[in-house]
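If you want the building blocks of each chain, they are given just below.
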Amino acid sequence: MNDAMSLGIHRWWKDSFMRLMNATPGIRLLDVAGGTGDIAFRFLDYISSKPHRAFQKEEQDLSWEEISQMYEQREGEQSIDKGSMVVVCDINKEMLHIGQARARERTNTNGLSWILGNAEELPVADNKFDIYSIAFGIRNVTDIPRALDEAYRVLRPGGRFMCLEFSHVTNPVVERLYDIYSFQIIPVLGEVIAEDWKSYQYLVESIRLFPDQSAKSRPN
């Protein structure tokens with residue numbers, strides 16, 4: 001459905017997002033609202049393209065406490081080769097199941113873990129991650145300031161918050177065409193492909209209600 005709606009452009013957006021992230025081996029990433037694994041898998045592929053020693057194989061179905069203990073133990077070791085880590089957190093159990101099923105079809109899943117959790121109350125300890133990412137998810141968070149506070153809490157000092165999200169078109173001509181496509185085409189695609197008109201109608205309406213680029217970039 002994402003391919004149909006964006007004509008495949010969402011893949012390019014996510015690839016560009018990963019290049020901007022420019023993660024290096026040893027980085028710890030928390031990917032929120034990323035249950036299907038799109039960002040996590042790109043992260044692992046990006047890291048594996050960097051020169052580094054092989055990751056150690058880790059179990060994927062762990063609680064946050066088990067994940068934390070595992071990496072705290074690794075920090076106590078004298079080895080300078082600490083494998084990268086990505087924890088996918090999503091409030092939707094079904095999305096996590098989709099991501100885990102996709103992971104089983106991959107060979108590169110070392111350092112990958114999954115947890116069920118709410119962006120507004122992350123089941124994660126303080127100061128644990130180098131990067132917090134959320135792609136096409138923050139728009140659906142009920143209390144965005146609280147989610148941002150949580151992101152700040154779990155990031156280490158100097159950590160980065162990275163958000164990929166739909167926003168507003170600034171060119172008036174393109175905006176008109178975009179509105180026609182959004183309100184007249186996307187809900188129809190939702191009905192034809194996913195048999196779900198209402199969800200995709202909500203999608204385009206929520207994008208319009210979401211603050212534009214300049215508003216979200218201004219500090220409170």
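Predicted, not measured: the structure shown is a model, and the values here were computed from it.

Engineer: Honestly, the overall build of the protein in this entry has me stumped. Any pointers?
Structural biologist: Of the regular secondary structure elements, the protein holds 9 helices and 5 strands. Walking the protein from its N terminus toward its C terminus, one meets helices and strands in the order α-α-β-α-α-β-α-β-β-α-β-α-α-α. When each of the 220 residues of the protein is scored for burial, the buried share is 44%. The long-range fraction of contacts in the protein, counting pairs at least 24 apart against all pairs at least 6 apart in sequence, stands at 76%. Carbon and sulfur atoms form 53% of the exposed surface of the protein, whose accessible area is close to 12,400 Å².

Engineer: Would you mind going over the pairing of strand 2 (residues 85-90) with me for this structure?
Structural biologist: For a regular strand, side-chain orientation follows a simple rule: the groups alternate between the two sheet faces. For strand 2, the tally of buried residues reaches 6 of 6 residues, placing the bulk of the element in the interior. Of the two faces of strand 2, both are covered, the one formed by Met-85, Val-87 and Cys-89 as well as the one formed by Val-86, Val-88 and Asp-90. In this structure, strand 1 (residues 28-32) lies alongside strand 2, joined through 5 bridges in parallel fashion. Pairing of Leu-30 across the sheet is with Val-87, part of strand 2. As judged from the 5 bridges shared by strand 2 and strand 3 (residues 112-116), these two strands associate in the parallel manner. Counterpart to Cys-89 in the pairing with strand 3 is Ile-115. In this region the chain leaves strand 2, passes through helix 5 (residues 93-103) and returns to the parallel neighbour strand 3; the handedness of that crossover is right-handed.

Engineer: Help me out: how do you make sense of the packing of helix 2 (residues 9-21) against helix 3 (residues 38-48) in this one?
Structural biologist: To describe two helices that pack against each other, one gives the angle between their axes and the distance between the axes. Between helix 2 and helix 3, whose axes approach to 10 Å, the crossing angle comes to 50°. With respect to helix 3, the axis of helix 2 lies oblique. Relative to helix 3, the crossing made by helix 2 is right-handed. Every residue of helix 3 that contacts helix 2 at Arg-11, Lys-14, Asp-15, Phe-17, Met-18, Arg-19 and Met-21 is listed here: Asp-38, Ile-39, Arg-42, Phe-43 and Tyr-46. A breakdown of the residues in the contact of helix 2 with helix 3 according to their chemical character gives 6 nonpolar, no polar and 6 charged.

Engineer: What is the right way to look at the packing of helix 7 (residues 172-194) against helix 8 (residues 197-209) in this model?
Structural biologist: Where helix 7 meets helix 8, the axes come as close as 7 Å, and the angle between the chain directions of the two elements is 155°. One element, helix 7, and the other, helix 8, form an angle in the roughly antiparallel class. You can see that helix 7 and helix 8 cross each other, and the crossing is right-handed. Residues Tyr-178, Asp-179, Ser-182, Phe-183, Ile-186, Pro-187, Val-188, Gly-190, Glu-191 and Ala-194 of helix 7 lie in contact with helix 8, whose contacting residues are Trp-197, Tyr-200, Gln-201, Val-204, Glu-205, Ile-207 and Arg-208. Counted by class, the contact of helix 7 with helix 8 contains 10 nonpolar, 3 polar and 4 charged residues.

Engineer: Help me understand the side chain of Asp-38 in this model?
Structural biologist: Residue position: Asp-38 is located in helix 3. You can call Asp-38 buried: its relative accessible area is 15%. One polar contact links Asp-38 to Lys-14, side chain to side chain, over a distance of 2.6 Å. Looking at Asp-38, its side chain comes within polar contact range of the side chain of Arg-102, at 2.6 Å.

Engineer: How should I be thinking about the nonpolar core in this particular structure?
Structural biologist: Nonpolar side chains in soluble globular proteins generally cluster together in the buried interior. The biggest cluster of nonpolar side chains holds 24 residues, and the ones touching the most others in it are Met-21, Phe-43, Val-86, Val-88, Leu-112 and Trp-114. Among the secondary structure elements, those contributing two or more residues to this core are helix 2, helix 3, strand 2, helix 5, strand 3, strand 4 (129-135) and strand 5 (155-164). Here the element with the most residues in this core is helix 3; it accounts for 7 residues. Val-88 has contacts with Asp-31, Gly-34, Gly-35, Ala-40, Leu-96, Leu-112, Ser-113, Trp-114 and Ile-115, leaving out every residue within four places of it along the chain. One finds Met-85, Cys-89, Val-124 and Phe-129 within the second-largest nonpolar core, a separate group that totals 20 residues.

Reading the values: the criteria
Residues numbered from 1 in each chain as written. Predicted model: local features only at pLDDT ≥ 70, side-chain atom pairs only at ≥ 80, totals over all residues. Heavy atoms only, no water. Helix = DSSP H or I, 4+ residues; strand = E, 2+ residues; numbered from the N terminus. Buried < 20%, exposed > 50% of the residue type's maximum accessible area, 1.4 Å probe, protein only. Contact = heavy atoms within 4.5 Å. Areas by Shrake-Rupley, 256 points an atom, 1.4 Å probe, with all protein chains shown as cover. Pairing = 2+ DSSP bridges. Right-handed = clockwise from strand over helix to strand, strands pointing away. Axes fitted to C-alpha atoms, helices over the stretch in contact; angles between N-to-C directions. Parallel < 35°, antiparallel > 145°, perpendicular 65-115°, else oblique. Left-handed = near helix turned anticlockwise from the far one by under 90°. Nonpolar A, V, L, I, M, F, W, Y, C, P; charged D, E, K, R; others polar. Polar contact = N/O pair within 3.5 Å; in protein donor to acceptor, adjacent residues only side chain to side chain. Core = buried A, V, L, I, M, F, W, Y, C linked by side-chain atoms within 4.5 Å.

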